[in-house]
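Descriptive analysis of the structure
Chain residues, written in single-letter form:
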Amino acid sequence: MKEKGNTDSQRKKLLFVTNTMGRAGAEKCLQALLELLDPEKYDLSVYSIINRGELYSDMPEYVRILNKNPCTKSVLDNAGLAAVGRQILWSLLKRFSFITYIPYFFRVLFHQIKAKHLDFSKLFWMLLARNAKRFDEEYDLAVAFIEGAATYYVADYVKAKKKATYVHIDYLAAGYSPKLDRKYYDKFDRVFCVSDTVRSVFLKAYPEYAEKTFFFHNMVPRERIIRLSKEGEGFTDGFDGLRILTVGRLHYQKAYDLAIPALAELRRRGHNVRWYVIGEGAEEDNLRALIKQNGVEDSFILLGITPNPYPFIAGCDIYSQASRFEGWCIALAESLVLARPVLASKCAGNEEQVTDGETGLLIDLSTDNIVDGMEKLINSPELRKKFTRNLSSIALDFKKDLEMLYALTD
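Parameters at a glance
In this convention, every chain numbers its residues from 1, walking through the sequence in written order. Under the rules for a predicted model, residues below a pLDDT of 70 receive no local features and side-chain atom pairs below 80 are neither given nor counted, while totals for whole chains, interfaces and linings still include all residues. As a rule here, side-chain values cover all heavy atoms of the structure and leave hydrogens and water aside. Put simply, DSSP marks the helices as runs of H or I at least four residues long and the strands as runs of E at least two long, and each gets a number from the N terminus on. Values of the radius of gyration come from C-alpha atoms, whereas the globule rule sets the reference at 2.2 Å times the count of residues to the power 0.38. The cut-offs for exposure are 20% and 50% of the maximum accessible area for each residue type, with area from a 1.4 Å probe on protein chains only; residues under the lower value are buried, those over the upper are exposed, and the others partly exposed. The contact criterion used is simple: two residues touch if any of their non-hydrogen atoms lie within 4.5 Å. In these tables, accessible area is a Shrake-Rupley quantity obtained with a 1.4 Å probe, and a residue counts as shielded only by the protein chains included in the view. In plain words, nonpolar cores are sets of buried Ala, Val, Leu, Ile, Met, Phe, Trp, Tyr and Cys residues tied together by side-chain atoms within 4.5 Å. Strands qualify as paired when DSSP identifies two bridges or more between them. Whenever a helix is involved, its axis is fitted only over the stretch in contact; in every case the axis is a line through C-alpha atoms, and angles between N-to-C directions fall within 0 to 180 degrees. Crossovers are described as right-handed under a simple rule: with the strands pointing away from the observer, the path leading from the first strand over the helix to the second runs clockwise. Planes of paired rings set the category: under 30 degrees apart is stacked, over 60 is edge-to-face and the rest tilted, where pairs are Phe, Tyr or Trp rings (Trp by its six-membered ring) whose centres lie within 6.5 Å. Counted as over-ring charges are cases with an Arg CZ or a Lys NZ within 6 Å of the ring centre that also lie within 35 degrees of the ring normal. In this analysis, a patch consists of residues with relative accessible area above 30% that form no salt bridge, clustered at 9 Å for like charges and at 5 Å for the nonpolar side chains Val, Leu, Ile, Met, Phe, Trp and Tyr. The term salt bridge refers to a side-chain nitrogen of Lys or Arg lying within 4 Å of a carboxyl oxygen of Asp or Glu. Neither His nor the chain ends contribute to the count of charged residues, in which Lys and Arg are positive and Asp and Glu negative. Note on charges: their place is set at NZ of Lys, CZ of Arg, CG of Asp or CD of Glu. The span expected for a helix works out to 1.5 Å for each residue beyond the first. In this description, the arc belongs to the directions extending from the helix axis to the C-beta atoms. In this description, the term disulfide denotes a pair of cysteine sulfurs within 2.5 Å.

1. What to know about the overall build of the protein
Scanning the protein for helices and strands turns up 16 helices and 13 strands. A compact globule built from 410 residues would reach a C-alpha radius of gyration of about 22 Å, and the protein, at 21 Å, matches this within 12%. By principal-axis analysis of the C-alpha atoms, the protein measures approximately 65 × 50 × 40 Å. When each of the 410 residues of the protein is scored for burial, the buried share is 56%. Sequence-distant contacts, at least 24 apart, represent 68% of the contacts inside the protein between residues at least 6 apart. A total of about 18300 Å² of accessible surface is found on the protein, and carbon and sulfur atoms cover 51% of it.

The following block contains the structure:
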């Protein structure tokens, strides 16, 4: 695509690297950020370590996709998980990588066992980064837009005048190891953390990086979210009670195992409510078994994924983000943009996004507290209306965040 104005030689070359192109929070923030960057000033490229995800279809037309034959199908369904498994196996066999990778694998595994946080994906991020495609081009700025493989890849295998990386999660709660990762973060000129809490936790692990670590808001495209909330269908089941909604992958982090018995208790107390979940993931079979065990097959509804979740968010009565940990949750931010009353757990990010008693309720995470918080919202329509009124007046401004990024290209 030929740009007007600046020539290709005048435009700064920016590369953004991500782990996948699924429609998860960080990836949607990447899309929003790319939409705010001026293609007449910046030559924008994207590379995904795992060549799969629906977000390929949503990239601005002026963004160059470096992956060959990008696959726009889900990363988290059975076919997607099988594809990732094949990529891991191929990476292990390539140049007999399994021989040199075994020591690192066990160091990560032992760290996770010690931290009591076993996460299968993190065992292989380094392997996938090592065997990802290399590019000869030098960039003015290379950005690892997420932790794990993207960060390792940009640190070691990308040529760039400046490098930046993003941290979207509670770094320590998510199971990463400062001992193993320090040498990679040392290679970045900037570390952007998506909330003050995320930054604080990151600096507990790496206090020596205080001068190069900054709070950088996740980009939330308010106008697009509101527009899309009015397009397409939302709930069509004709339910006449109160609808609770959560948007998020089916993962231990999201604490659905606490939400399911909480809904069962709410139903036992006589509340006419249903809880819907938009998302997919490896925990689906376990969650379906738990739903059956609690007798809520007709009221805890796994909707799968949808390209446009916003009519569902706009149509719910209560939005829940009762997670074990978050960084700065995009789905929660989207629910706040659409002025939905929120029940959220007290964890990194959530406490910065929700003002307890003013724009939502914050709880210490437990099944009992979910029940009590939900019951408070269910029984008080006026409280829900108050949260909606307060949220409707909130403004979003990302000018200072963008200036931090621009400064790295000067």
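Having put the structure on the table, let's press on.
2. A look at the nonpolar core
Ranked by size, the top nonpolar core spans 111 residues in total, and within it Phe16, Tyr153, Phe202, Leu245 and Leu405 carry the most contacts. Those residues within four positions of Phe202 in sequence are excluded, and the remaining contacts are Val167, Tyr171, Tyr185, Val191, Cys193, Tyr209 and Thr213. Counting 33 residues, the second-largest nonpolar core is a separate cluster that includes Ala262, Ile363, Ile370 and Leu377.

3. Details of the sheet that holds strand 10 (residues 300-304)
Strand order across the open sheet formed by six strands is 10-9-8-11-12-13, with parallel pairing between neighbours. Each having just a single partner strand, strand 10 and strand 13 (361-363) make up the two edges of the open sheet. The mean angle between the axes of side-by-side strands here comes to 25°, regardless of whether they run parallel or antiparallel. Inspection of the sheet shows strand 12 (residues 342-345) paired to strand 13 by three bridges, in the parallel sense. Residue pairing for strand 13: Ser345 is matched across the bridge by Ile363. In the packing of helix 9 (residues 256-268) onto the sheet, contacts are made with strand 8 (242-247), strand 9 (273-278) and strand 10, and the angle to strand 9 comes to roughly 160°.

4. So, the pairing of strand 12
The alternating pattern of strand 12 places Val342 and Ala344 and Leu343 and Ser345 on opposite faces, both of which are buried. Of the strand pairs in this sheet, strand 11 (residues 318-321) and strand 12 are connected by three bridges, and their pairing is parallel. Residue pairing for strand 12: Gln321 is matched across the bridge by Ala344. Note that the unit made of strand 11, helix 12 (residues 330-337) and strand 12 has a crossover that is right-handed.

5. Re the packing of aromatic side chains
Tallied over the entire structure, the rule returns 21 aromatic pairs. Residues Tyr185 and Phe188 carry aromatic rings whose centres are separated by 6.4 Å and whose planes lie at 45° to one another, so their mutual orientation is tilted. The exposure class assigned to Phe188 is buried, which follows from its relative accessible area of 3%. Linked through ring pairs, Tyr171, Tyr176, Tyr185, Phe188, Phe202, Tyr206 and Tyr209 together constitute an aromatic cluster. Taking the ring centre of Tyr157 as reference, the NZ or CZ of Arg134 above it sits at 3.7 Å. Against the face of Tyr209 rests Lys212, its NZ or CZ located 4.3 Å from the ring centre.

6. A short note on a negative patch on the surface
Residues Asp196, Glu351, Glu352, Asp356 and Asp364 make up a contiguous surface patch of negative charge. Its location among the elements puts Glu352 in helix 13 (residues 350-353).

7. Section: helix 14 (residues 367-378)
With 12 residues, helix 14 should reach 16 Å at 1.5 Å per residue; the first-to-last C-alpha distance of 16 Å fits that figure. For helix 14, the complete set of buried residues consists of Ile370, Val371, Gly373, Met374, Glu375, Leu377 and Ile378.

8. Quick look at helix 15 (residues 381-392)
With 12 residues, helix 15 should cover 16 Å at 1.5 Å per step; its first-to-last C-alpha distance of 17 Å lies within 8% of that length. By the burial criterion, the buried members of helix 15 are Leu383, Arg384, Phe387 and Leu391. Each buried residue of helix 15 sits inside an arc of 100° when the element is viewed along its axis, so together they form one side. Every exposed residue of helix 15 that faces more than 90 degrees away from the buried side is listed here: Glu382 and Arg389.

9. Focus: the sheet that holds strand 3 (residues 64-65)
Backbone hydrogen bonds hold the strands of a sheet together, and the pairing may be parallel or antiparallel. Judged by pairing direction, the sheet is parallel, and its seven strands sit side by side in the order 3-2-1-4-5-6-7 without closing on themselves. Lying at the two open borders of the sheet, with one neighbouring strand each, are strand 3 and strand 7 (213-215). Relative to strand 5 (residues 159-167), strand 4 (residues 138-144) runs parallel, the two being bridged by six bridges. If you follow Leu141 over to strand 5, its bridge partner there is Lys162. Contacts from helix 7 (residues 196-205) reach strand 5, strand 6 (190-193) and strand 7, with the element oriented near 160° to strand 7.

10. Details of the state of the cysteines
Covalent bonding between the sulfur atoms of two cysteines defines a disulfide. Summed over all chains, the structure comprises zero disulfides. Unpaired in this structure, Cys316 has its nearest cysteine sulfur neighbour in Cys329, at a distance of 13 Å. On the basis of relative accessibility, which here comes to 1%, the residue Cys316 falls in the buried class.

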